[in-house]
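Listed here are the chains, written in short residue letters.
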Amino acid sequence: MPAPTPTTSYLRSLRPWDAALVVVGGIIGGGIFLNPGIVAQRTESGLALLLMWAAAGVLTLIGALCYAELGARRPHAGGTYVYLREAFGPLAGFLFGWTMLLVIYSGSSAAVATIFASYTAALFGLPPTWALPLTVGGLVFVTGINLFGIRLGAQIQNLFALLKLLAVAALVVCGLFFAGAGHGQVLAADPARHGVGFIGAALPVLFAYSGFTYLNNLAGEVREPQRTLPRALALGMGLVIVAYVLVNVAYLAVLGHAGLAASTAPAADVMQQVAGPVGAKLIALGVAISTLGFCNITLVAGARVLQVMGEDGLFFRAVARLHPRWRTPNLALALLSGWAIVLALSGSYGQLLDYATFGDWLACAVGVATLFWYRRHDGATTGFRVPGYPWLPWLFIAAVGAVVVSVLLDNPRNAGMGMLIMAAGIPVYAIWRRLGDRHRGA
């Protein structure tokens, strides 16, 4: 078996607490403040809604445990790209990097940055014309703070993560205690949603849980990664699951299932009802901070993938360079951020994101599938192994596969376009390799 090609020039500066907060920051963005209303529209009771959030949390935890073993086996930058390249060949790795750059990471950053802009504008009473400058400014800001080393970026990211957890805590406390959870409506059925089904709620919930793989992209900068990665993934996922379930209990306690289904901004509605305009301002600040932190992690994690692709000759060689002092992939970071800004300016990012929302989870499932290859072919020992192997990895793959198939059946146009975007990377890969072969032969 060919030896792995680790990136040894990164500085291992991320401590266990930093790594855990990367997990929290990579998952909690704008989804928990917005998506529960969509989930309520697709469930028939508060009980079904809470079961969906809890079940998706357990499923995500299983995926995180699988990625903990993968990270312990390959504690280097690149994450899913590295696993796919080693297990299934360079084409598989390239297709992941292609889709990540084109829509998944860049589109997610652009979309969430617009949420940051809208809440920031509402917070300061700015006109709608400020939305686009604030979107671009947010992306430029998080890019800039990460050009000067992972340590500075981690410190600011820790602040973002702690502030967003504070916002979640304030929402839970206000919803459960000040509004009173004794209305008897938390688990109640919603007659208007009888027979609405259950699987349709899976995609917005999974979208809110996506991002647990970002830490693996930064594994080359984690101290004692074989020990730190599993602990950080477990701790971070535990915090997120508890936060998400409690927030949804608070929404149901204040708004009820029918009110939650009718809400387009449940967090703002809860705080407005509990604390009036002051509460609405506070939650707007919390959402702005949360979304900015998500953009920060997404861009930083994606830049590491591009850097390793450049190192492998599957992307521009220039992006493989690290800054000689800060040891950061600044060109890769600027490229990914720049493309996210282009998507934001073009206004097409929302459609692109719709095309590929399931692409991230599809990549997660294929990433987990590489675990079987590593167990069979990799003789290296690891300090962490997934409990319940092979049943838990198979459960994760089957559950995500069921959701992907459901999306394909329910919305074949958007899902089909997402698949086409991924498939378009095949001829690009062939051309890239041919040009590379000619350059080497010259």
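The structure reproduced in this document is the subject of the present report. (Residues numbered from 1 in each chain as written. Predicted model: local features only at pLDDT ≥ 70, side-chain atom pairs only at ≥ 80, totals over all residues. Heavy atoms only, no water.)

### Focus: a nonpolar patch on the surface
To keep it simple, the criterion reads: To count toward a patch, a residue needs a relative accessible area above 30% and no salt bridge. Like charges then connect within 9 Å, nonpolar side chains (Val, Leu, Ile, Met, Phe, Trp, Tyr) within 5 Å. Here the open area of atoms and residues is found with the Shrake-Rupley method and a 1.4 Å probe, where only the protein chains shown may cover a residue. Think of a salt bridge as a Lys or Arg side-chain nitrogen and an Asp or Glu carboxyl oxygen that are within 4 Å of each other. Each residue's exposure class comes from its accessible area (1.4 Å probe, protein chains only) as a fraction of the maximum for that residue type: buried when under 20%, exposed when over 50%, partly exposed otherwise.
A contiguous nonpolar patch, built from Trp17, Leu162, Leu235 and Leu239 and spanning about 350 Å² of accessible area, is present on the exposed surface. When its relative accessible area of 42% is taken as the criterion, Leu235 is described as partly exposed.

### Some remarks on the side chain of Arg73
Note the cut-off: Secondary structure follows DSSP: runs of H or I at least 4 residues long count as helices, runs of E at least 2 residues long count as strands, and numbering of each begins at the N terminus. Definition of a polar contact: a pair of N or O atoms within 3.5 Å, with one able to donate and the other able to accept a hydrogen when the atoms are protein atoms, and with sequence-neighbouring residues admitted only if both atoms are side-chain atoms.
Within the secondary structure, Arg73 is located in helix α4 (residues 46–73). One polar contact links Arg73 to Asp378, side chain to side chain, over a distance of 3.3 Å.

### Some remarks on the environment of Val240
Quick reminder of the rule: The criterion used for residue contact is that any of the two residues' heavy atoms lie within 4.5 Å.
With respect to the helices and strands, the residue Val240 is situated in helix α11 (residues 225–262). Accessibility expressed as a relative area gives 0% for Val240, which makes it buried. Each C-alpha atom of the pair Val240 and Ile426 lies 36 Å from the other, and the pair is 186 residues apart in sequence. Not counting residues within four places of it along the chain, the set of residues in contact with Val240 comprises Val24, Ile27, Ile28 and Tyr209.

### Comments concerning the packing of helix α1 (residues 16–27) against helix α8 (residues 150–178)
Selection rule: For helices, the fitted line uses only the C-alpha atoms of the stretch in contact; every axis is such a line through C-alpha atoms, and the angle between N-to-C directions lies from 0 to 180 degrees. For classification purposes, angles smaller than 35 degrees are called roughly parallel, those larger than 145 roughly antiparallel, those between 65 and 115 roughly perpendicular, and all remaining angles oblique. It is the rotation of the near helix from the far one that decides the hand of a crossing: anticlockwise by less than a right angle makes it left-handed, clockwise makes it right-handed. Just so you know the grouping, Ala, Val, Leu, Ile, Met, Phe, Trp, Tyr, Cys and Pro go in nonpolar, Asp, Glu, Lys and Arg go in charged, and all remaining residues, Gly too, go in polar.
One can describe the packing of α1 onto α8 by two numbers: an axis separation of 9 Å at closest approach and a directional angle of 55°. Considering the angle they form, α1 stands oblique to α8. Crossing angle aside, the handedness with which α1 passes α8 is left-handed. Where α1 approaches α8, its residues Trp17, Asp18, Leu21, Val24 and Gly25 are matched on the opposing element by Arg151, Gln157, Asn158, Ala161, Leu162, Lys164 and Leu165. Here the contact of α1 with α8 is built from residues that sort into 6 nonpolar, 3 polar and 3 charged.

### Overview of the packing of aromatic side chains
To describe a pair of aromatic rings, one takes the distance between the centres and the angle between the planes. Counted only if it meets this: Working definition: a ring pair exists when centres of Phe, Tyr or Trp rings (six-membered ring for Trp) sit within 6.5 Å. Plane angles under 30 degrees give stacked, over 60 give edge-to-face, the rest tilted.
Summed over the entire model, instances satisfying the criterion amount to 20 aromatic pairs. For the pair Phe148 and Trp326, a centre-to-centre distance of 5.8 Å together with 85° between the ring planes defines the contact as edge-to-face. With Phe148 in the loop between α7 (131–145) and α8 and Trp326 in the loop between α12 (266–311) and α13 (330–346), this pair connects stretches of sequence that are 178 residues apart. The exposure class assigned to Phe148 is partly exposed, which follows from its relative accessible area of 43%. Its relative accessible area of 26% is what places Trp326 among the partly exposed residues. With 6.5 Å between their ring centres and 85° between their planes, Phe212 and Phe396 make a pair best called edge-to-face. Placement of Phe212 in the loop between α9 (202–209) and α10 (214–217) and of Phe396 in helix α15 (residues 391–410) is noted, with a sequence separation of 184 residues between them.

### Regarding helix α16 (residues 412–423)
For the record, the criterion: Here the expected length of a helix is defined as 1.5 Å per residue gap, with one fewer gap than residues. Each direction from the helix axis to a C-beta atom contributes to the arc, which is the arc of those directions.
Under the 1.5 Å per step criterion, the end-to-end length of α16 is 16 Å for 12 residues, consistent within 8% with the ideal 16 Å. Among all positions in α16, only Asn414, Ala415, Gly418, Ile421 and Met422 are buried. Down the axis of α16, the sector holding all buried residues measures 115°, keeping them to one side. Opposite its buried face, α16 presents the exposed residues Pro412, Arg413 and Leu420, each directed more than 90 degrees away.

### Some words on empty space enclosed by the protein
So the rule is basically this: In this analysis the probe radius is 1.4 Å and the grid spacing 1 Å, with only protein atoms considered; a cavity is a set of points the probe fits into but cannot get out of, a pocket is an open set with protein on both sides within 12 Å along at least five of seven lines, and lining residues have an atom within 4 Å of a point. Grid points are joined across faces, edges and corners, and a volume is the space filled by probe spheres set on the points.
Scanning the model with the defined rule gives 4 cavities of 30 Å³ or more in all. In this structure, the second largest cavity occupies an estimated 60 Å³ of space. Considering the residues around the second largest cavity, the lining is formed by Leu14, Val22, Asn146, Ile150, Gly153, Ala154, Gln157, Leu218, Asn296, Ile297 and Val300. At 4 residues, α8 tops the list of elements feeding residues into the lining of the second largest cavity. A class-by-class count of the residues in the lining of the second largest cavity yields 7 nonpolar, 4 polar and no charged.

This is a description of form; function is not addressed.
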